[in-house]
Amino acid sequence: MKYCIIGASAAGLACAESIRQTDKSGEITVFTKESSLPYSRPSISYYLKGAVGSSDMLLHPAAYYRAKNITILTNTPVTAIDRKRKVLRAGRKTYPYDKLCICTGSKPFVPPVKNAQGKANALTFLDIAAAKQLKAKAGKNTRAVVIGAGLIGMKAAEGLSKICKSVDVVELAEFILPSILDKSAAKMVKAHVEASSNIRFYLGDTVAAAKSRGAHITAVTLGSGRELPCDLLVLAVGVRPETSLVEAAGLAVERGIVTDAATMQTGDSDIYAAGDCALSLDMLDSSKKIIALWGNAVKQGKTAGFHMAGAPQQAGGAYAVNAIDFFGCRICTCGLIHADTAPYFSKVRQAGGSYKKLVFCGKQLVGFVLVGASDNAGIYTSLIENRVDITTLQGDLMDTPSVFLFNKAARQQRLKGEESA
């Protein structure tokens, strides 16, 4: 059996490892356009600020793949999938497959900024190659401008703040981290970041145009008319699923690659998809969406790999969960944090430097936002994942819950959820 996997990040590696668990002799080939063996993509911000080296980011040494008999072809972008002949094209070569998994992940969304395209100091921030470019161009006199105050932009800004003279972050939304925070929590985090660093925010604004001298940008003009000096422009508005190969091959794409949520199989019985390029089923509201998280990519990749090798397991639903730090401020979010209209309702508590928001639907907890109050994040996540009936709990969830607050009925419900997972 010949297995091919396009993409060598979380989903691709998990897929390869799951295949090998089941099929000890099948031929596994993983294609990646990157020059590195699989690495921890979330670590690129730590590399940028000097906390880790590039070799520290590798998930496994080369010997690991040799021992597992997994072939990883670096610097080998796949350019076409021929479903009829069941071959991949990469460069001038073709590679046959019996089973194929698409794990192409995401690509940067580059906003239209007049006069910025092709400039030497206008860069994205999504992989180790981009992080190395940023690090090479940043210095103590660099005035950086980051477009986007989402997770990618904020991590780029945090890393650059350690090595640059100034970092200006421009965000179209009215508050930072809009995908994982509400307005009140974002206000707290923004104040903490500003007090802890040389980062300044320009919210409800956008970078409209760049001024340049030759191939280098020297300043940017915002939509509001303000001009900011700029030695380094980081385009970090967000990402889009990389689905071009699949679309060209005639498979269904709706925001992401359409798959069977339980098996990760596409409309072609021999082709699967997993990770940030594939749609996920949100277990909390039954919607299909991209849940671009490392853990979800691993789960999907494993499911695809087991099915490809003939050892089916169910992927089940997923949900968004984030745990992240900015300058010592711990942020934990999970589930449906922006669901504030009926049938959803929220409870909020803010005191000193902490913020807690719990989101409910009927008798269940379905989301939370914790800023500086992460001690019970694991308990809240368990309540969400196991869909515990909160009326069976003792005490106030807004206080300090513990496993000892579960009464008998709640414990039985939680155990039943664990058995069926």
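Above this text sits the structure in question.
The numbering scheme is per chain: residues are counted from 1 as the chain's sequence reads. A pLDDT threshold of at least 70 governs which residues receive local features in this predicted model, and a stricter bar of 80 or more applies before side-chain atom pairs are shown or counted, although totals over entire chains, interfaces and linings include all residues. The side-chain quantities take in all heavy atoms of the structure and omit both hydrogens and water.

Caption draft 1: Molecular detail of the overall build of the chain. Counting its secondary structure elements, the chain contains ten helices and 27 strands. Taken along its principal axes, the extent of the C-alpha atoms in the chain is 70 × 60 × 35 Å. Buried means the residue's accessible area, taken with a 1.4 Å probe over protein chains only, is under 20% of the maximum for its type, while exposed means over 50%, and partly exposed covers the values in between. Counting across all 421 residues of the chain, residues that qualify as buried make up 49%. Should any heavy atoms of two residues lie within 4.5 Å, those residues are counted as being in contact. Here the contacts in the chain between residues at least 6 apart in sequence split such that 60% fall between residues at least 24 apart. Surface exposure here means Shrake-Rupley accessible area, sampled with a 1.4 Å probe, where a residue is shielded only by the protein chains that are shown. A total of about 19000 Å² of accessible surface is found on the chain, and carbon and sulfur atoms cover 51% of it. Between the mean site of the 51 positive side-chain charges and the mean site of the 35 negative ones, the chain shows a separation of 4 Å. The helix count covers DSSP runs of H or I at least four residues long, the strand count covers runs of E at least two residues long, and both are numbered beginning at the N terminus. Under this rule, positive means Lys or Arg and negative means Asp or Glu; His and the chain ends count for nothing. In this description, the location of a charge corresponds to atom NZ of lysine, CZ of arginine, CG of aspartate or CD of glutamate.

Caption draft 2: A look at the nonpolar core. In terms of nonpolar packing, the biggest core is built from 45 residues, with L160 and L181 touching the most fellow members. Considering each element in turn, this core owes the most residues, five residues, to helix α6 (residues 183-196). Sequence-distant contacts of L160, that is, excluding residues within four places in its chain, are made with L48, A138, A144, V146, V167, L232 and V234. Counting residues in hydrophobic clusters, the runner-up holds 43 residues, among them A16, I28, I81 and A90. The term nonpolar core refers to a set of buried residues drawn from Ala, Val, Leu, Ile, Met, Phe, Trp, Tyr and Cys, joined through side-chain atoms within 4.5 Å.

Caption draft 3: Quick peek at helix α5 (residues 151-161). Within α5, nine of the eleven residues are buried, which leaves it mostly tucked inside the rest of the structure. For α5, the set of buried residues is G153, M154, K155, A156, A157, E158, G159, L160 and S161.

Caption draft 4: Spatial organisation of helix α9 (residues 377-385). When we look at burial in α9, the residues that qualify are A377, I379, Y380, T381, L383 and I384. Packing partners of the buried residues in α9 comprise β24 (329-335), β26 (354-361) and β27 (364-371). Immediately beyond the C-terminal end of α9, within one or two residues, lies R387, with a positive phi of roughly 50°.

Caption draft 5: Structural context of the pattern of salt bridges. Whenever a carboxyl oxygen of Asp or Glu lies within 4 Å of a side-chain nitrogen of Lys or Arg, that contact is scored as a salt bridge. This structure, assessed with the given rule, holds 19 salt bridges. Two residues, E158 and K49, come together in a salt bridge whose shortest N-O distance is 3.9 Å. Remark: K49 occurs in the loop between α2 (44-48) and α3 (62-68) and E158 occurs in helix α5; sequence separation between them is 109 residues. A salt bridge links D270 to K99, with the shortest nitrogen-to-oxygen separation between them at 2.8 Å. Of this pair, D270 sits in the loop between β19 (256-257) and β20 (271-273) while K99 sits in strand β7 (residues 99-102), placing them 171 residues apart in sequence.

Caption draft 6: Summary view of the side chain of D205. Note on placement: D205 falls in the loop between β12 (199-203) and β13 (207-213). Although D205 is buried, it forms no salt bridge, and the closest oppositely charged side chain is R226 at an N-O distance of 5.8 Å. Counting of polar contacts relies on pairs of N or O atoms within 3.5 Å, with two restrictions inside protein: one atom must be capable of donating a hydrogen and the other of accepting it, and residues adjacent in sequence are counted only when both atoms are side-chain atoms. Looking at D205, its side chain comes within polar contact range of the main-chain nitrogen of G223, at 3.2 Å. A polar contact is formed between the side chain of D205 and the side chain of S224, at a distance of 2.5 Å. If sequence neighbours within four positions are ignored, D205 has contacts with V170, E171, L172, L222, G223 and S224.

Caption draft 7: Summary view of unusual backbone geometry. Here the residue pair A342 and P343 is connected by a cis peptide bond, since its omega of 10° sits within 30 degrees of zero. Inspection of the secondary structure assignment puts P343 in the loop between β24 and β25 (344-351). Even without being glycine, N115 reaches a positive phi, approximately 70°. Residue position: N115 is located in the loop between β8 (106-109) and β9 (122-124). Of note, M264 is a non-glycine position whose phi angle comes to about 70°, a positive value.

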